[in-house]
Amino acid sequence: MSSIPRNQWYVAAYSSEIGQDLFSRTICGEPILFWRTRSGQVTAVPDRCVHRRFPLSQAPSRLVDDQVVCGYHGFTYGADGKCVFVPGQSRIPRTARLLPYPLVEQDSFVWVFIGDAAKADVSSIPRAPYLASPAYTTVAGMEPLQARFSLLVDNLLDLSHETYLHGGYIGTPEVAETPITTEVDDDAGIVYVSRHMDDAECPPFYAKSTGLQGRISRWQDIEYTPPCLYKLHSRIAPVGSVPNPDGSDPDAFHVEVVYAITPETEHSTHDFWSVARDFALGDEEVSKFLAENNRTVVLQDVEALNVLEGVVSAEPAGYQELSINIDTGGLAARRLLQRQLAQQPTSAAIS
Amino acid sequence: MSSIPRNQWYVAAYSSEIGQDLFSRTICGEPILFWRTRSGQVTAVPDRCVHRRFPLSQAPSRLVDDQVVCGYHGFTYGADGKCVFVPGQSRIPRTARLLPYPLVEQDSFVWVFIGDAAKADVSSIPRAPYLASPAYTTVAGMEPLQARFSLLVDNLLDLSHETYLHGGYIGTPEVAETPITTEVDDDAGIVYVSRHMDDAECPPFYAKSTGLQGRISRWQDIEYTPPCLYKLHSRIAPVGSVPNPDGSDPDAFHVEVVYAITPETEHSTHDFWSVARDFALGDEEVSKFLAENNRTVVLQDVEALNVLEGVVSAEPAGYQELSINIDTGGLAARRLLQRQLAQQPTSAAIS
Amino acid sequence: MSSIPRNQWYVAAYSSEIGQDLFSRTICGEPILFWRTRSGQVTAVPDRCVHRRFPLSQAPSRLVDDQVVCGYHGFTYGADGKCVFVPGQSRIPRTARLLPYPLVEQDSFVWVFIGDAAKADVSSIPRAPYLASPAYTTVAGMEPLQARFSLLVDNLLDLSHETYLHGGYIGTPEVAETPITTEVDDDAGIVYVSRHMDDAECPPFYAKSTGLQGRISRWQDIEYTPPCLYKLHSRIAPVGSVPNPDGSDPDAFHVEVVYAITPETEHSTHDFWSVARDFALGDEEVSKFLAENNRTVVLQDVEALNVLEGVVSAEPAGYQELSINIDTGGLAARRLLQRQLAQQPTSAAIS
């Protein structure tokens, strides 16, 4: 029984990762081959020759004029997945084709649809427009996680862990102390978790990037659209500052922290992280600081979750966790994920 | 189906291993957290936060004033396992507690009871008083074994292997040649195996430590209390020497070799070894020699048993061994272990 | 359910590998101990003491005067597998014996029969006489493959892959382009695959070893006797040259490429390769070139098949391949292997 919802859109890569080279990544247990054609379009097909399964990303497989040539027996496919050459005969079997994945490039990401392509609805892909907006400067990365994706969902939905796991980086005592409010939009399939700290210590992550001194007003507004897209709207301002009635907020600094949580297999995850800011635009020093600092924080999570994966894998069936108020968002996320799992007809475990 | 008896006492550590630091060791598949409070008492609780399972021994978890603070979300526990702090709320759930393991410090060991704590009977812990007696000088160590504990039980109950696996260290031809006598005390649950060699070559282990020259009288009297404690009463004396009728034995050298055989998992074992002697008390040179020599011998066993574990794991079900006279003690030990396994209601395999 | 046919002969080693030393190799999941007695005979017995399973090839086990002494407790066996010594008693149990494997040294190979020894028919062992004939000079080697043996069978039965995987070594465009003819001798249990290229580029492997310049006539005649022996009769000649009616063929160069495909386990294989030629006899430089070049080609296969094993192991059950004309030989080989599997009463998977 898989724990990964199918018939869903997942972030497979950053657009910047895909060039005119063969690029392979396993998404939800499926090895997928990507390349960008000379006309700029991204192609996504199974990374496995239909003949004898050889990975089309594996040398001596190669890209020749927008076509991929299998390195084992020379089967050749176009960007549409259709086979155009087989060895030893001129007739090409009708079934010799790679079925392309539905694919959308949007908001700096390459999204693919995993499941029944007929159910792929582009309008259902959640948005993170700041990541590709000139009004923001963004730093980003991806860290491989040797843990099931649900452990990362738990982690991100409950930011009280910042105080302990990320103390000295983004955590301060107020994060763990301040209660949260949680809302679920069942129709839209979104979990909202908010924590507004009106008078809090400013952690180095924000002090150094904003230049703010002294205590701050710090708001964390989470918006998670299962399974893949997690957005943290972070607002940092002097104590007492609030947005104007018209929504403008000139005294505050806004950071949009976005995670795409993409299962690689049942027990490993691609942890895509982006940090977009509406201040110090184009300032390389600030960009470098935020990139290094956020990567350090992500790697603290990776280390902890890799350990947790080992714990969960080894424990006897039926182990009970204890949940408290801080887990309200995480439990809501689990419920939405369960609903997505229940909607699919059958689901086999993915190794 | 586990092969590890539950509702039994096991050696978890030497007392000297546990200080005012977090110390984690897996015993019978259960990760256990130990620390010594400032008042000197040793605490043993599950090494897993009740909230989201984070190991309490894993940084940034830490000990603060006899309390352990989870490094993930800050759950804090006292030495009695009771939770005293959770993040984001002042009410602490009643069920937020780590259930302490029954624990006894005795004879240089930290013993824990694995199973139903209500069945823990301290008086049933087997004794090895020489290990902490001023009348003896003891050297000790622990080697991790990547093999099921029953292979070490087999090994230690049949010392004829000393001649082959430990030749040049503690083995001589007489060990393999001399028949054994075996007795089982079914009520006490103890296996006794004796081999008395009246005229034997003196192996380097005893020649260098005792200073005896020429051939010796060498007695090996084994006393094994399944599952965990193995004692070898070794008597080395000039040929012809026997104890006096009153039990005194001034011409002989006595070495008490003690093994605590503690399963880590179904397929790995903590191999605790101690060598206590009633001669050359406090002589550092003799201590150093015996420690190095015995460790070498233990590592010879470890290497052989690690290989055997691979053989046993790979072999088809139903493989038959051939047992002969030398195996009488080992077969009796297996029978007592089987009886202990049969006494427990259910037993799940431990990974 | 094993995919390895039992009651079959398999190549276990080259004769040259077995000397007066203990030599262990796992064949079809069974660890087998080999040594050559002082009279020159090769012995093959299970590599596991009947007493407590210790591998007889594992130090301190050793060979003493044509007898093997177990390094754990000293059980000693003669070359016929019969136990001649046990520790602690003079009576040797009647069942204390290692059952020898049927064994034949032939054509440079040591063949063993895996299965019910009563069914071992020496006359059914397929022959490759050139490998030990003075009319040929032979180079040979063995590469360990971390893939199931059937992937190597697929690989060798369809040489069109030479064009892609081995381009620049033994592949040229004509191999993939030229259709094959396939025949199956169901009674003898042999698959024949032929590809005759009348006007082809000469790859470096043959150009440098024969000295032929310009284009060539290149014949590939495969003869595979499942499960273990694969022979490629390779004929290289100037374009237009054909054998004489009496079978003599003075203008051609003949290379007999032989593979013995021996399962080590369900998922690993011993890939024995030999290249025998009827020209440049004894020429060390040609021998060195052919050995290095063929080993390079074999390692290209090994790398590709190791990747394929990973793909096949991870894929969901029921994945369908697409077969075309070039696969006729491989499919016939699979059918004969299935027939061999069906002939055996029961078959357990081998780890």
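Everything quoted here is computed from the prediction, not taken from an experiment.

Reading guide: rules and limits
- Residues numbered from 1 in each chain as written.
- Chains lettered and ligands numbered in written order.
- Predicted model: local features only at pLDDT ≥ 70, side-chain atom pairs only at ≥ 80, totals over all residues.
- Heavy atoms only, no water.
- UniProt positions renumbered as here; feature names shortened; annotations may be inferred.
- Helix = DSSP H or I, 4+ residues; strand = E, 2+ residues; numbered from the N terminus.
- Contact = heavy atoms within 4.5 Å.
- Buried area = accessible area lost by both parts, 1.4 Å probe.
- Salt bridge = Lys/Arg side-chain N within 4 Å of Asp/Glu carboxyl O.
- Polar contact = N/O pair within 3.5 Å; in protein donor to acceptor, adjacent residues only side chain to side chain.
- Nonpolar A, V, L, I, M, F, W, Y, C, P; charged D, E, K, R; others polar.
- Buried < 20%, exposed > 50% of the residue type's maximum accessible area, 1.4 Å probe, protein only.
- Core = buried A, V, L, I, M, F, W, Y, C linked by side-chain atoms within 4.5 Å.
- Pairing = 2+ DSSP bridges.
- Domains from an automatic or database assignment.
- Least-squares fit on C-alpha atoms with pLDDT ≥ 70 in both.
- Phe/Tyr/Trp six-rings, centres within 6.5 Å; stacked < 30°, edge-to-face > 60°.
- Axes fitted to C-alpha atoms, helices over the stretch in contact; angles between N-to-C directions.
- Left-handed = near helix turned anticlockwise from the far one by under 90°.
- Parallel < 35°, antiparallel > 145°, perpendicular 65-115°, else oblique.

(A) Just the UniProt feature "domain: Rieske" (unreviewed entry) in chain A, in detail. In this numbering, the UniProt entry assigns the feature "domain: Rieske" (unreviewed entry) to residues 9–112 of chain A. Across residues 9–112 of chain A, the secondary structure splits into 0% helix and 40% strand, with the terminal C-alpha atoms separated by 6 Å.

(B) Looking closely at the interface of chain C and chain B. Across the contact, 26 residues belong to chain C and 30 residues belong to chain B. Where chain C abuts chain B, roughly 2400 Å² becomes buried across the two surfaces, and 57% of that area is made up of carbon and sulfur atoms. A per-residue breakdown of the area chain C buries against chain B is headed by Arg52(C), Arg53(C) and Tyr72(C), which together make up 33% of the total. Inspection of the chain C/chain B interface yields five salt bridges. Residue Glu321(B) pairs with Arg52(C) through a salt bridge whose shortest N-O separation is 3.4 Å. Our count for the contact surface shared by chain C and chain B stands at 14 residue pairs in polar contact (both at pLDDT 80 or more). The residue inventory of the side of chain C that touches chain B, partitioned by class, reads 14 nonpolar, nine polar and three charged.

(C) Region of the structure containing the pattern of salt bridges. On inspection of all chains with the given rule, the structure shows 66 salt bridges over all chains. A salt bridge links Glu321(C) to Arg53(A); the shortest N-O distance between them is 2.7 Å. Linking Glu321(C) in the loop between α5 (284–314) and α6 (328–342) with Arg53(A) in the loop between β4 (42–46) and β5 (62–64), this pair reaches from one chain into another. Classification of Arg53(A) as buried rests on a relative accessible area of 12%. When the shortest N-O distance is used, the salt bridge between Arg335(B) and Asp186(B) registers 3.3 Å. Here Asp186(B) lies in the loop between β12 (181–185) and β13 (190–200) and Arg335(B) lies in helix α6 (residues 328–342), a separation of 149 residues in the sequence. Here Arg335(B) falls in the partly exposed class, since its relative accessible area comes to 43%. Of the residues examined, Asp186(B) reaches a relative accessible area of 33% and is grouped as partly exposed. Residues joined by salt bridges that share partners form a network here, namely Arg48(A), Arg52(A), Arg53(A), Asp154(C), Glu315(C), Glu321(C), Asp327(C) and Arg334(C).

(D) Quick peek at the nonpolar core. Phe34(B), Tyr230(B) and Phe75(C) are the most contacted members of the largest nonpolar core, which has 98 residues in total. It is helix α5 (residues 284–314) of chain B that provides the largest number of residues to this core, a total of nine residues. If we ignore the near neighbours within four places in the chain, the residues touching Tyr230(B) are Leu156(B), Leu157(B), Leu159(B), Ile222(B), Glu223(B), Tyr224(B), Val257(B), Val258(B), Tyr259(B) and Ile261(B).

(E) A look at the pairing of strand β12 (residues 181–185) of chain C. Sheet topology note: the β12(C)/strand β13 (residues 190–200) of chain C ladder contains five bridges and is antiparallel. Residue pairing for β13(C): Val184(C) is matched across the bridge by Val191(C).

(F) Looking closely at the interface of chain A and chain C. If you look at the interface, chain A gives 26 residues, while chain C gives 30 residues. A buried area of about 2400 Å², summed over both sides, lies between chain A and chain C, and 57% of it is on carbon and sulfur atoms. At the boundary of chain A with chain C, the tally comes to five salt bridges. Here chain A and chain C share 14 residue pairs in polar contact (both at pLDDT 80 or more) between them. Of the residues in the side of chain A that touches chain C, the class split is 14 nonpolar, nine polar and three charged.

(G) Structural context of the domain arrangement of chain A. All names here are of chain A. Partitioning chain A into domains gives domain 1 (8–122) and domain 2 (130–342). Summarising the inter-unit geometry, the C-alpha centres of domain 1 and domain 2 are found 33 Å apart. Of the residues lining the interface, 17 residues belong to domain 1; the matching set on domain 2 comes to 20 residues. Summed over both sides, the interface between domain 1 and domain 2 buries roughly 1300 Å², with carbon and sulfur atoms accounting for 69% of that surface. Viewed at the interface, domain 2 and domain 1 are joined by zero salt bridges. Here domain 1 and domain 2 share eight residue pairs in polar contact (both at pLDDT 80 or more) between them. A breakdown of the residues in the side of domain 1 that touches domain 2 according to their chemical character gives ten nonpolar, four polar and three charged.

(H) Inspection of the relation of the copies chain C and chain B at higher detail. Overlaying chain C on chain B yields an RMSD of 0.0 Å, the required transformation being a rotation through 120° with an accompanying axial translation of 0.1 Å. Overall, the copies show the geometry of a three-fold rotation axis.

(I) Spatial organisation of the packing of aromatic side chains. Under the criterion given, the structure shown has 30 aromatic pairs over all chains. The interplanar angle of 70° and the centroid separation of 5.8 Å between the aromatic rings of Tyr230(B) and Tyr259(B) together place this pair among those described as edge-to-face. Taken as a pair, Tyr230(B) in strand β15 (residues 229–238) and Tyr259(B) in strand β16 (residues 253–265) lie far apart in primary sequence, 29 residues in all. Judged by relative accessible area, Tyr230(B) falls into the buried class, the value being 1%. Ring plane angle 65° and centroid distance 5.3 Å describe the contact between Trp9(C) and Phe113(C), whose orientation is recorded as edge-to-face. Here the residue Trp9(C) occupies a position in strand β1 (residues 8–14), and Phe113(C) occupies one in strand β10 (residues 109–114), the gap between them amounting to 104 residues.

(J) Expanded view of the sheet that holds strand β3 (residues 30–36) of chain C. Residue and element names in this part refer to chain C. Taken in spatial order, the three strands of this open sheet run β2-β3-β4, and their pairing is antiparallel. The sheet terminates laterally at β2 (23–27) and β4 (42–46), the two strands that pair on one side only. For this sheet the average axis-to-axis angle between neighbouring strands, irrespective of direction, equals 30°. Sheet topology places β2 next to β3; five bridges connect them, and they run antiparallel. Directly across from Arg-25, in β3, lies its bridge partner Ile-32.

(K) Just the packing of helix α1 (residues 149–157) of chain A against helix α6 (residues 328–342) of chain A, in detail. Residues and elements named next belong to chain A. For the pair α1 and α6, interaxial distance at closest approach is 8 Å and the crossing angle is 145°. Crossing hand, α1 versus α6: right-handed. Between α1 and α6, the contacting residues are Phe-149, Val-153, Asp-154 and Leu-157 on the first element and Gly-329, Gly-330, Ala-333, Arg-334 and Leu-337 on the second. Partitioned by chemical class, the residues of the contact of α1 with α6 number five nonpolar, two polar and two charged.

(L) Region of interest: the packing of helix α1 (residues 149–157) of chain C against α5(C). Residues and elements named next belong to chain C. In contact at an axis separation of 10 Å, α1 and α5 are set at 130° when each is read in the N-to-C sense. In terms of orientation, α1 lies oblique with respect to α5. Seen from above, α1 lies across α5 with right-handed handedness. On α5, the residues touching Leu-151, Leu-152 and Asn-155 of α1 are Asp-301, Leu-305, Leu-308 and Glu-309. Residues of the contact of α1 with α5, tallied by class, amount to four nonpolar, one polar and two charged.

(M) The arrangement of the environment of Glu177(A) in detail. As for its placement among the helices and strands, Glu177(A) is situated in helix α3 (residues 173–177). Considered as a pair, Glu177(A) and Pro243(A) are 66 residues apart in the sequence and their alpha carbons are 24 Å apart.

(N) Fine view of the sheet that holds β13(C). All names here are of chain C. Taken in spatial order, the seven strands make up an open sheet running β11-β17-β16-β15-β14-β13-β12, and their pairing is antiparallel. Taken across any chain shown, the strands that pair with only one partner, and hence form the sheet edges, are β11 (137–145) and β12. Averaged over neighbouring strand pairs, the angle between their axes works out to 15° when direction is ignored. Taken strand by strand, α5 contacts β11, β16 (253–265) and β17 (268–277), and its axis lies near 20° from that of β11. Contacting β12, β13 and β14 (216–225), α6 runs over the sheet at an angle of about 165° to β13.

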